[in-house]
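A look at the structure
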Amino acid sequence: LLLGEATLATLMFTGNQVFMRYLGDDGVGAFGIACYYIPFVFMVGNAIAQSAQPIISYNYGTGNAARVHETFRLSLKTAFISGLTAFAVMYVFCPYIVAMFLEPGCPAYGIATKGIPYFASGFICFALNIAWIGYYQSIELARKAMLFMLLRGIILMSICFLALPHLLGEKGLWLAVPCAELIIFIALTIDYQYRHKICRVVK
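Residues numbered from 1 in each chain as written. Predicted model: local features only at pLDDT ≥ 70, side-chain atom pairs only at ≥ 80, totals over all residues. Heavy atoms only, no water.

Quick look at the pattern of salt bridges
Selection criterion: By definition here, a salt bridge exists when the distance from a side-chain nitrogen of Lys or Arg to a carboxyl oxygen of Asp or Glu is within 4 Å. By definition, any uninterrupted DSSP run of H or I lasting at least four residues is a helix, any uninterrupted run of E lasting at least two residues is a strand, and each is numbered from the N terminus. For the exposure calls, accessible area comes from a 1.4 Å probe over protein chains only, and a residue counts as buried if that area is under 20% of its type's maximum, exposed if over 50%, partly exposed in between.
Summed over all chains, the structure comprises three salt bridges. Put simply, aspartate 191 and lysine 144 hold a salt bridge, and the shortest N to O gap is 3.1 Å. With aspartate 191 in helix H6 (residues 170-202) and lysine 144 in helix H5 (residues 142-168), this pair connects stretches of sequence that are 47 residues apart. Note on lysine 144: relative accessible area 24%, which makes it partly exposed. Of the charged contacts in the structure, one is a salt bridge between arginine 152 and glutamate 181, with a shortest N-O distance of 2.7 Å. Here glutamate 181 lies in helix H6 and arginine 152 lies in helix H5, a separation of 29 residues in the sequence. The exposure class of glutamate 181 is buried, given its relative accessible area of 0%.

And the structure:
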């Protein structure tokens, strides 16, 4: 939970610094609106992970692998639907959501309405990664869970914030978080497949 909150703090601090450098005060104002909504996605993802954890942990302890995998798959499906819904809402209603904080026509409004849909595309992997890391915590892989949490929330996110604007310009600012989340999702998938392949070989 501490690392989860630290990732949000890192996102906001690093994002504000980079947006200020490239887009000035208007960029920070636009990014601030995205920061208002990311805690809601984190809250939902964290709720899914914490709801699944006692079921997964108990069944892992009793050796009921089928129930563990069933609960894990259900948590991923729920996280995917929640992240997709959050993305769809932000994509469809972005102008109205931004208008709750900024006057249409001001520079920050234009930056936000153009960039937030890119940023919101990361909500899907964001929710999935939180649920997946919660699964690792439940099956006594705390160090691996901590490693992935540090990678997704601090290390990779910071690297993407620094690198992508040079490659993609303004769009790269908004895609930094989605890119970091996608990389971690791919890494989690590979790690999961490799771990289960090893387990099958051992058996």
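Thoughts on the nonpolar core
We count it as follows: Throughout, nonpolar core names a set of buried Ala, Val, Leu, Ile, Met, Phe, Trp, Tyr and Cys residues whose side chains join them through atoms within 4.5 Å. For this analysis, residues touch if any pair of their heavy atoms sits within 4.5 Å.
Membership of the largest hydrophobic core comes to 63 residues, with the highest contact counts inside it found for Ile116, Tyr135, Tyr136 and Trp174. Every element with two or more residues in this core is listed here: helix H1 (2-62), helix H2 (65-99), helix H3 (107-120), helix H4 (123-138), H5 and H6. Among the elements that take part in this core, H1 stands out by supplying 17 residues, more than any other. Among all residues touching isoleucine 116, those that are not within four sequence positions of it are Ala30, Ile33, Ala34, Met90, Cys94, Val98 and Trp174.

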